[in-house]
Amino acid sequence: MANNAKRPTIPLDMGGVLTKMAHQRPVFHSEADFQHAFAWEVHRQVPDASIRLEKPLTTIAGVAHLDVLIQREGATVAVELKYKTKKLTHQITDEAYNLRSHGAQDLGRYDFMKDIGRLEDISASFPSTVGCAVLLTNESSYWRNPLSSKTVDAAFRLHEGRVLSGEATWGAGASKGTMKSREKPIKLRGSYKLEWHDYSALQTNKDLVFRYLLVAVPSYRIKQ
């Protein structure tokens, strides 16, 4: 079975959506807060679009529960959103933000790469569908180059300039506890060069800087 990928064409400026969001919402309480704010901004910019949250889709790989599905004029965008934070307490006017530290960046990297694979399955299953995976974080270890190339999660690293492609598996030293529920290798059809973008800077403190990674997934056609 071979595949033919068309160049990604997203009928919506995702970077523009996030830029607008940053002016109004430089920080979020949770991933759900981020997802709802994203959906609302898309609705604000494209009011005639159909927007669904937590939409189950039956794909060639099984049922996928999608964060956001956007449909407009025959084009469909499947969106997966991740929000990973370092501990932070911040006040904006009368609203207090108390973010917890998610930690486990190795699992966060695996899950984001898995999102890309899930979006490939969706785009291969539905005509005129492209995907968009977004990771927003104030944890700089996601975008920094690793000090060592021999970590157990080396295949899932998301640092600036890296190219994701092919099959990714845990390193030989990964424990069963680390891999629990994440044992399967991730196989990508496409190739994705990673580029991080600034989202917001609440203060000069490095922990208050948020950046995002946006990966566009093309529409795939599976040939038997």
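Keep in mind that this is a model prediction, so the values were computed, not measured.

Overview of the sheet that holds strand E3 (residues 62–72)
Strand order in the open sheet formed by six strands is E2-E3-E4-E7-E11-E10, and the pairing between neighbours is mixed. Each edge of the sheet is formed by a strand with only one pairing partner; in this case those strands are strand E2 (50–59) and strand E10 (196–201). Pairs of neighbouring strands in the sheet enclose a mean axial angle of 35°, with direction left out of account. Here strand E7 (residues 129–137) pairs with strand E11 (residues 209–217) via seven bridges, running antiparallel. Among the inter-strand pairings, Leu135 is bridged to a residue of E11, identified as Leu213.

Examining the pairing of E11
Here E10 runs beside E11; their pairing, made up of five bridges, is antiparallel. Bridge pairing in E11 places Ala201 opposite Val209.

So, helix H3 (residues 105–125)
An ideal rise of 1.5 Å per residue puts 30 Å on 21 residues; H3 measures up with 30 Å between its terminal C-alpha atoms. Most of H3 sits inside the fold, with 17 of its 21 residues counted as buried.

Description of the pattern of salt bridges
All told, the structure shown has 13 salt bridges when counted by the stated rule. Among the salt bridges present, the one from Glu73 reaches Arg72, with a minimum N-O distance of 4.0 Å. With a relative accessible area of 30%, Arg72 lands in the partly exposed category. In this structure, Glu167 engages Lys187 in a salt bridge whose closest nitrogen and oxygen atoms are separated by 3.7 Å. Note that Glu167 is positioned in strand E8 (residues 163–168) and Lys187 in strand E9 (residues 186–193), a separation of 20 residues in sequence. Overlapping salt bridges, with partners in common, bring together Glu80, Lys82, Asp115 and Arg118 in one network.

Reading guide: rules and limits
- Residues numbered from 1 in each chain as written.
- Predicted model: local features only at pLDDT ≥ 70, side-chain atom pairs only at ≥ 80, totals over all residues.
- Heavy atoms only, no water.
- Pairing = 2+ DSSP bridges.
- Helix = DSSP H or I, 4+ residues; strand = E, 2+ residues; numbered from the N terminus.
- Axes fitted to C-alpha atoms, helices over the stretch in contact; angles between N-to-C directions.
- Expected span 1.5 Å × (residues − 1).
- Buried < 20%, exposed > 50% of the residue type's maximum accessible area, 1.4 Å probe, protein only.
- Salt bridge = Lys/Arg side-chain N within 4 Å of Asp/Glu carboxyl O.

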